[in-house]
Amino acid sequence: MTPSVIKGGVVTFSCSSDANPPVPQSGYSLHKDGHLISSGQNHTVSNIQPPHSGLYSCQAWNNISRSGISRINSTQLHLDVLYRPENISISMDPLDVVEGGSMNLSCSSAANPAAHSYTWFRQSAPSLSSMLRVGSGPLLTLPSVVASHTGLYLCTARNQLGENNSTEVMLTMRKEYQGEQTVPVLAGIGVCVSVALLLVLLLFWLKQRTHAEKKPTVFDFRLSGRGSSSSDPSDSVYANIQPNIQQALPSPPPAAQEITPLSQRSHHEQEAPMSYEDDVTYATVTIKPMNSTHHMNSRSRAGNDDDSVIYASLA
């Protein structure tokens with residue numbers, strides 16, 4: 001036998017036994033699921049709740065033991081607390097839905113006995129009187145969500161003892177382009193930026209290469225002699241360089257002004273032209289004036305032969 005009581009009711013447990021001597025009042029105790037609840041022959045539970053459901057038993061003791069056992073347990077009694085549906089909740093799958101997507105709404109509750117019917121309502125206006133019945137059963141499926149499906153949803157669970165409503169949940173819908181196209185758009189922008197960067201780098205490289213090809217070629221010039229200086233255009237830079245020692249030599253110092261005139265020089269010295277090697281390459285021309293003292297000594301040693309006077313040295 002399984003006694004049942006409705007939630008909020010009152011239950012009294014009474015223990016009794018046959019014993020000689022009789023079991024005193026303090027010899028009884030009440031246990032639930034093996035745990036001591038109270039001592040005494042009677043135990044009352046007011047405002048009973050679902051947690052009070054379970055297995056109850058009494059234990060009796062009269063100070064006489066048999067085979068080492070002094071306390072005797074009664075048979076267990078299962079107490080069943082009945083109540084109408086409560087703790088009703090709604091879950092959505094998925095949590096976020098796009099236009100045209102599917103949505104599943106599940107309704108669950110705690111009840112004893114279990115709820116045998118569920119009814120779905122949608123509130124499309126601020127007033128609760130505008131609740132519209134949209135389905136039945138613990139699962140409500142919306143195969144293709146549109147704007148008219150948005151709003152507050154609740155479900156009603158019912159059993160033999162009554163019914164209760166769940167809390168409302170809001171079903172919203174987002175546009176597809178707000179989410180689904182975000183990643184493709186960002187990916188497209190990234191690809192465009194990468195391509196543009198590659199093009200800029202390619203154009204810069206081509207420009208640098210073209211600029212390098214247009215630079216004038218540097219040639220090695222050399223002076224091969226007086227005869228070739230006028231015929232080789234590549235040596236035009238050196239066309240004005242002539243072995244003119246007369247212009248390179250500085251004027252003689254004042255002490256050397258008494259130089260033998262050209263008319264007094266020997267005919268051989270006047271007619272002997274100054275000769276130079278045609279293949280001389282002038283890398284560096286250095287003019288060194290002669291020391292005046294050395295020049296005067298040279299004159300004294302030379303005597304009257306003024307044609308051999310040295311004014312400068314060519315290195």
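Everything quoted here is computed from the prediction, not taken from an experiment. (Residues numbered from 1 in each chain as written. Predicted model: local features only at pLDDT ≥ 70, side-chain atom pairs only at ≥ 80, totals over all residues. Heavy atoms only, no water.)

Colleague: Help me out: how do you make sense of a nonpolar patch on the surface in this one?
Modeller: Residues Val191, Val195, Leu199, Leu202, Leu203, Trp205 and Leu206 make up a contiguous nonpolar surface patch of about 680 Å² in total accessible area. Inspection of the secondary structure assignment puts Leu202 in helix α2 (residues 182–214). (Patch = residues over 30% accessible without salt bridge, like charges linked within 9 Å, V, L, I, M, F, W, Y side chains within 5 Å. Areas by Shrake-Rupley, 256 points an atom, 1.4 Å probe, with all protein chains shown as cover. Salt bridge = Lys/Arg side-chain N within 4 Å of Asp/Glu carboxyl O. Helix = DSSP H or I, 4+ residues; strand = E, 2+ residues; numbered from the N terminus.)

Colleague: Teacher, can you tell me more about unusual backbone geometry here?
Modeller: Among all residues except glycine, the phi angle is most often negative; among peptide bonds, the trans geometry is most common. The residue after Asn20, namely Pro21, is reached through a cis peptide bond having omega 0°. Tracing the chain through its elements places Pro21 in the loop between β2 (11–14) and β3 (28–32). Here the residue pair Asn112 and Pro113 is connected by a cis peptide bond, since its omega of 0° sits within 30 degrees of zero. Inspection of the secondary structure puts Pro113 in the loop between β10 (103–112) and β11 (117–123). Located in the positive-phi region is Asn63, a residue other than glycine, with phi close to 75°.

Colleague: Sorry if this is basic, but what is going on with the environment of Asp33 here?
Modeller: Structurally, Asp33 can be placed in the loop between β3 and β4 (35–39). Given a relative accessible area of 42%, Asp33 falls into the partly exposed group. Placed 24 residues apart in sequence, Asp33 and Ser57 show a C-alpha to C-alpha distance of 8.1 Å. Those residues in contact with Asp33, other than ones at most four positions away along the chain, are Gly54 and Leu55. Of note is the side chain of Asp33, whose polar atom sits 3.1 Å from the side chain of Lys32. (Buried < 20%, exposed > 50% of the residue type's maximum accessible area, 1.4 Å probe, protein only. Contact = heavy atoms within 4.5 Å. Polar contact = N/O pair within 3.5 Å; in protein donor to acceptor, adjacent residues only side chain to side chain.)

Colleague: Just checking my understanding: could you explain the side chain of Ser57 for this structure?
Modeller: Looking at the element boundaries, Ser57 is found in strand β6 (residues 54–66). Ser57 sits in the buried class, given a relative accessible area of 14%. Ser57 has contacts with Ser29, Leu30, His31, Ser74, Thr75 and Gln76, leaving out every residue within four places of it along the chain.

Colleague: Is there a simple way to explain the pairing of β11 in this structure?
Modeller: Residues in a regular strand project their side chains so that they alternate between the two faces of the sheet. Within β11, 6 of the 7 residues are buried, which leaves the element mostly enclosed by the surrounding structure. Pairing between β11 and strand β14 (residues 151–159): 7 bridges, direction antiparallel. Following the sheet pairing, Ser117 is matched in β14 by Arg158. Inspection of the sheet shows β11 paired to strand β12 (residues 131–136) by 5 bridges, in the antiparallel sense. Looking across to β12, one finds that Trp120 is bridged to Gly135. (Pairing = 2+ DSSP bridges.)

Colleague: Explanation requested: the packing of aromatic side chains in the structure shown.
Modeller: Aromatic ring pairs are described here by two measures, namely the spacing of the ring centres and the angle between the planes. A complete count under the given rule lists 1 aromatic pair for this structure. Pairing Phe13 with Tyr56 gives two aromatic rings, centres 4.4 Å apart and planes at 25°, and the pair type is stacked. Within this pair, whereas Phe13 is found in strand β2, its partner Tyr56 is found in strand β6, the two being separated by 43 residues in sequence. Both residues of the pair, Phe13 and Tyr56, belong to the buried class. (Phe/Tyr/Trp six-rings, centres within 6.5 Å; stacked < 30°, edge-to-face > 60°.)

Colleague: Explain the state of the cysteines here, please?
Modeller: One covalent bond between the sulfur atoms of two cysteine residues makes up a disulfide. Under the definition given, this model contains 2 disulfides. Sulfur-sulfur distance for the disulfide between Cys15 and Cys58 comes to 1.5 Å. Disulfide Cys15-Cys58: the torsion about the S-S bond is -60°, which places it as left-handed. Here Cys15 is found in the loop between β2 and β3, whereas its partner Cys58 is found in strand β6, with 43 residues between them in sequence. You'll find Cys15 and Cys58 in the same group, each marked buried. Disulfide pairing places Cys107 opposite Cys155 at an S-S distance of 1.8 Å. Handedness of the Cys107-Cys155 disulfide follows from its S-S torsion of about 50°: it is right-handed. Here the residue Cys107 occupies a position in strand β10, and Cys155 occupies one in strand β14, the gap between them amounting to 48 residues. (Disulfide = S-S within 2.5 Å.)

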